[in-house]
Amino acid sequence: LLRSSQPLTGPNRRRCREDEKLLGTILDEGERGFIIDTRSAQAAKQARMSGGGTEPKSSYPQWRRLHRALDRGRQLQESFIRLVEACSDPSLSMDRWLARLDSSRWLGHVKAALSTACLAAQCLDREDSKVLVHGAEGTDTTLLVTALAQLILDPSCRTLEGFQGLLQREWIEAGHPFHLRCARSASSHARGKQEAPLFLLFLDCVWQLSRQFPFSLEFGEQLLLTLFDNAYASAFGTFLCNNEKERSVLCKVKESTHSLWAWLNQPEEKHKYLNPLYSHNPLVIWPSVEPQSIQLWQGLFLRWIRPSQHLDEAWAEIQKLVQGN
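Residues numbered from 1 in each chain as written. Predicted model: local features only at pLDDT ≥ 70, side-chain atom pairs only at ≥ 80, totals over all residues. Heavy atoms only, no water.

In the nomenclature of an unreviewed UniProt entry, the chain is known as MTMR9 protein of Cinclus mexicanus. Here the chain is described in UniProt, under the heading Sequence similarities (unreviewed entry), as follows: "Belongs to the protein-tyrosine phosphatase family. Non-receptor class myotubularin subfamily." (UniProt positions renumbered as here; feature names shortened; annotations may be inferred.)

What follows is the structure, given as structure tokens:
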């Protein structure tokens with residue numbers, strides 16, 4: 001499973017023979033691979049008109065290109081804002097609430113992300129093929145797809161330690177620009193040019209997996225909520241800056257801040273984030289992406305409206321029962 005942040009052409013639409021050679025060496029003779037492009041075919045065509053985009057199919061004869069458009073910028077941010085506004089209005093009637101939820105299109109974004117991740121996972125698991133996930137910049141939707149595909153396929157990524165490693169590798173070290181994407185409060189009405197809740201969308205997709213497979217993830221909802229909070233406002237340096245250069249050279253993050261992972265892994269903290277129902281599952285977990293299967297993450301979007309006391313008490317009782325047995 002590979003990801004690409006660069007167009008497969010050189011400037012002025014010249015052939016990029018280095019890319020052709022690189023992708024050619026990945027596949028054995030007669031082997032085929034898949035390029036999953038997270039842009040629409042129309043967006044790729046427009047990029048090609050300005051000197052970017054993708055090479056003609058003839059330059060990559062062993063690769064099959066699949067377009068699966070995922071929103072990543074203003075459209076995603078606007079969708080999130082509409083959802084927050086709907087969730088913050090307690091006066092809505094049932095019909096009005098359902099209409100506002102539908103018009104936000106947030107659950108559609110969740111479905112699209114999971115569907116594309118499943119496609120990548122199927123190419124790897126069932127077709128036994130190499131997969132290259134390609135996007136506009138390689139730091140947003142590509143990371144969303146590759147991280148989710150690994151959760152679906154790899155049981156080690158579903159442990160608390162493995163999930164932290166996945167986030168560190170696929171989001172932080174791969175260069176997701178947290179500072180730009182999470183610049184303001186998640187509920188802010190400001191429309192910053194670079195803001196977009198890609199990481200929140202990923203966490204929502206992980207929550208969907210945890211709901212459909214309640215025994216297969218070692219961590220619970222509380223970890224996902226903590227990660228969401230720390231992505232936007234944190235006492236730790238883990239999600240600071242936009243890339244590794246900024247973190248290591250400009251801001252000296254490791255030297256001047258504490259790691260969120262070190263805090264979470266303290267024994268007195270760690271137990272808060274574990275799933276008491278967890279049982280190691282060595283199998284691939286294929287989520288349902290039917291509309292009826294995708295649900296609103298109430299624990300996040302309704303957390304300040306709906307009291308969670310009874311749910312917290314029920315969860316604590318489950319922990320006691322499991323420990324007692």
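Looking at helix α10 (residues 221–232)
Between its terminal C-alpha atoms α10 stretches 17 Å, which fits the 16 Å expected from 12 residues at 1.5 Å a residue. Across the 12 residues of α10, nine count as buried, placing the element largely inside the fold. Along α10, the residues that are buried comprise L223, L224, L225, T226, L227, F228, N230, A231 and Y232. Buried-residue contacts for α10 involve α7 (160–172), α9 (198–212), α13 (260–264) and α15 (298–301). (Helix = DSSP H or I, 4+ residues; strand = E, 2+ residues; numbered from the N terminus. Expected span 1.5 Å × (residues − 1). Buried < 20%, exposed > 50% of the residue type's maximum accessible area, 1.4 Å probe, protein only. Contact = heavy atoms within 4.5 Å.)

Structural notes on the nonpolar core
Ranked by internal contacts, the top residues of the largest apolar core, which has 73 residues, are F163, W171, F199, F202, L227 and F301. The residues contacting W171, other than those within four sequence positions of it, are D140, L143, L144, A147, L166, H176, F178, L198, F199 and F202. Counting six residues, the second largest nonpolar core, distinct from the first, contains L23, I35, W63 and L132. (Core = buried A, V, L, I, M, F, W, Y, C linked by side-chain atoms within 4.5 Å.)

Quick word on the pairing of strand β4 (residues 130–134)
Here is the key point about a regular strand: its side chains alternate between the two faces of the sheet. Along β4, four of the five residues are buried, which leaves the element largely enclosed by surrounding structure. Where strand β2 (residues 33–37) meets β4, five bridges bridge the pair, whose relative direction is parallel. Within β4, the residue paired with D37 across the bridge is H134. (Pairing = 2+ DSSP bridges.)

What to know about the pattern of salt bridges
Throughout the structure, instances matching the rule amount to 11 salt bridges. Among the ionic pairs, K130 bridges to E31, the shortest N-O distance being 3.1 Å. In this pair, K130 sits in strand β4 while E31 sits in the loop between α1 (17–26) and β2, placing the two residues 99 residues apart along the sequence. Across the salt bridge formed by E170 and R169, the nearest N and O atoms sit 3.4 Å from each other. When its relative accessible area of 6% is taken as the criterion, E170 is described as buried. Residues participating in the shared-partner salt-bridge network are R72, E137, D140 and R181. (Salt bridge = Lys/Arg side-chain N within 4 Å of Asp/Glu carboxyl O.)

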